[in-house]
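Examining the three-dimensional arrangement
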Amino acid sequence: MPIDPEFPGNHQVIGKHDHADGQHFHFVWGPGNPSDAAANPDVKAAYAARNEELTPIGVHGTFVAVDWDSCIADGACIQACPVNVFQWYRTENDVPAVEMSNISSSGVGSAGKDDRLDYTDKSDPIREKDCIWCMACVTVCPTKAIKVDQSNVQFHEQAISTFNR
Ligand code: F3S
Ligand code: F3S
Ligand code: ZN
């Protein structure tokens, strides 16, 4: 299932994923819904191998939004982005995805198409504000897990004033 295009209305901000540089950060929207990841054999096997529960996670990012429940760790988005917005989250923070909703990362994760740690990994828009709206990531994702929408900047800005950890 593609990312819910109305996710800012149907979900709420459940966290803020900071970047240690103090410049980049993105909000996390939840609670999420079971989607392509829960049905994908590679993803299911990878969760089983880790003994981790495959539960709904939600959406990382607001104007570059990646639905982690739809992401099956293909990696095409990461390779396609000309300004290096994304990284594989597990290659920096190897923790269950639910723990990524409120965390700080340094942006040192890998960004090669096949650099995923395994199929539990997700594409994380760690440098969201660097997006130049080229839409390559949206086009190449096999599950349509990504929505890039300049008009969603307003939801990001609202969250800056209302989000309280
Ligand atoms: Fe990169 Fe996607 Fe923006 S490819 S420039 S994050 S539209
Ligand atoms: Fe995931 Fe789609 Fe990127 S499956 S890694 S969001 S290309
Ligand atoms: Zn994130």
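None of the values given here were measured: they were computed from a predicted structure. (Residues numbered from 1 in each chain as written. Chains lettered and ligands numbered in written order. Predicted model: local features only at pLDDT ≥ 70, side-chain atom pairs only at ≥ 80, totals over all residues. Heavy atoms only, no water.)

1. Considerations on the environment of Gly 15
What counts, and what does not: Helix and strand definitions follow DSSP, with helices as H or I runs of at least four residues and strands as E runs of at least two, each counted in order from the N terminus. Whether two residues touch is decided by their heavy atoms; if any such pair falls within 4.5 Å, the residues are in contact.
Residue position: Gly 15 is located in strand 1 (residues 12-19). Among residues more than four places away in sequence, those in contact with Gly 15 are His 26, Phe 27, Val 28, Ser 101, Asn 102 and Phe 163.

2. A short note on unusual backbone geometry
Heads up, the condition is: Exposure classes here rest on a 1.4 Å probe applied to the protein chains alone. A residue is buried below 20% of its type maximum, exposed above 50%, and partly exposed in between.
Put simply, Gly 30 and Pro 31 share a cis peptide bond, and its omega is 15°. Mapped onto the fold, Pro 31 is located in the loop between strand 2 (25-30) and helix 2 (36-39). Positive phi, close to 60°, is recorded for Asn 84, a residue that is not glycine. Within the secondary structure, Asn 84 sits in the loop between helix 4 (76-80) and strand 5 (87-88). Judged by relative accessible area, which is 37%, Asn 84 ranks as partly exposed.

3. Some thoughts on the coordination of the zinc ion (ligand 3)
Put simply, the ideal angle at a metal is 109.5 degrees for four donors in tetrahedral geometry and 90 or 180 degrees for six donors in octahedral geometry. Here is the rule: Counted as coordinating are nitrogen, oxygen and sulfur atoms within 2.8 Å of the metal, or 3.2 Å for Na, K and Ca, while water is not included, which may make sites look incomplete.
The protein atoms donating to the zinc ion (ligand 3) are His 17 (ND1), His 26 (NE2), His 60 (ND1) and Asp 124 (OD), with metal-donor distances spanning 2.0 to 2.2 Å. Sequence spacing among the residues donating to the zinc ion (ligand 3) works out to H-x8-H-x33-H-x63-D. Here Asp 124 lies in strand 7 (residues 123-124) and His 17 lies in strand 1, a separation of 107 residues in the sequence. Like His 17, the residue Asp 124 is buried in the burial classification.

4. Considerations on the site of ligand 1
Convention followed: Here, proximity means that at least one heavy atom of the residue falls within 4 Å of the molecule or strand. Gly is put with the polar residues, along with every residue not named as nonpolar or charged; the nonpolar set is Ala, Val, Leu, Ile, Met, Phe, Trp, Tyr, Cys and Pro, and the charged set is Asp, Glu, Lys and Arg.
If you check the shell around ligand 1, you find 14 residues, and the closest are Cys 81, Cys 131, Ile 132, Met 135 and Cys 137. Among the residues forming the shell around ligand 1, the class breakdown is 14 nonpolar, no polar and no charged.

5. Thoughts on helix 3 (residues 41-50)
Selection criterion: Along the arc lie the directions from the helix axis toward the C-beta atoms.
Along helix 3, the residues classified as buried are Val 43, Ala 46 and Tyr 47. One side of helix 3 holds all its buried residues, which, seen down the axis, span an arc of 100°. The exposed set on the far side of helix 3, more than 90 degrees from its buried face, consists of Pro 41, Ala 48 and Ala 49. Turning to helix 3, the residues buried within the fold contact helix 2.

6. Re the packing of aromatic side chains
Put simply, the rule is: Stacked, tilted and edge-to-face pairs are distinguished by plane angle, under 30 degrees for stacked and over 60 for edge-to-face with tilted covering the rest, among Phe, Tyr and Trp rings (Trp via its six-membered ring) whose centres lie within 6.5 Å.
Under the defined criterion, the tally for this structure stands at five aromatic pairs. Here the aromatic rings of Phe 27 and Phe 163 are separated by 5.8 Å at their centres, their planes lie at 70°, and the arrangement is edge-to-face. Taken together, the residues Phe 27 in strand 2 and Phe 163 in the segment after helix 6 (153-162) connect sequence positions 136 residues apart. On the numbers, 5.8 Å between centres and 50° between planes, the contact of Phe 63 with Trp 133 is tilted. With a gap of 70 residues between them, Phe 63 in the loop between strand 3 (59-60) and strand 4 (64-67) and Trp 133 in the loop between strand 7 and helix 5 (136-140) connect regions that are remote in the sequence. Judged by relative accessible area, Phe 63 falls into the buried class, the value being 6%.

7. Side note on the sheet that holds strand 3
As a reminder of what qualifies: Strand pairing is assigned whenever DSSP identifies at least 2 bridges connecting the two strands.
Strand order in the open sheet made by the six strands is 6-1-2-3-4-8, with mixed pairing throughout. Edge positions in the sheet fall to strand 6 (103-105) and strand 8 (146-148), since each of these pairs with one other strand and no more. Across three bridges, the pairing between strand 4 and strand 8 is antiparallel. Opposite Val 66, over in strand 8, you have Ile 146 as the bridge partner.

8. Describing the nonpolar core
The nonpolar side chains of a soluble globular protein tend to be buried, and buried together. What counts, and what does not: Put simply, buried Ala, Val, Leu, Ile, Met, Phe, Trp, Tyr and Cys residues joined by side-chain atoms within 4.5 Å make one nonpolar core.
One finds Val 64, Trp 68, Phe 86 and Ile 146 to be the most contacted residues of the largest nonpolar core, which totals 24 residues. Those elements giving two or more residues to this core turn out to be helix 3, strand 4, helix 4 and strand 8. Ranked by size, the runner-up nonpolar core spans seven residues in total, among them Ile 3, Phe 7, Val 59 and Ala 65.

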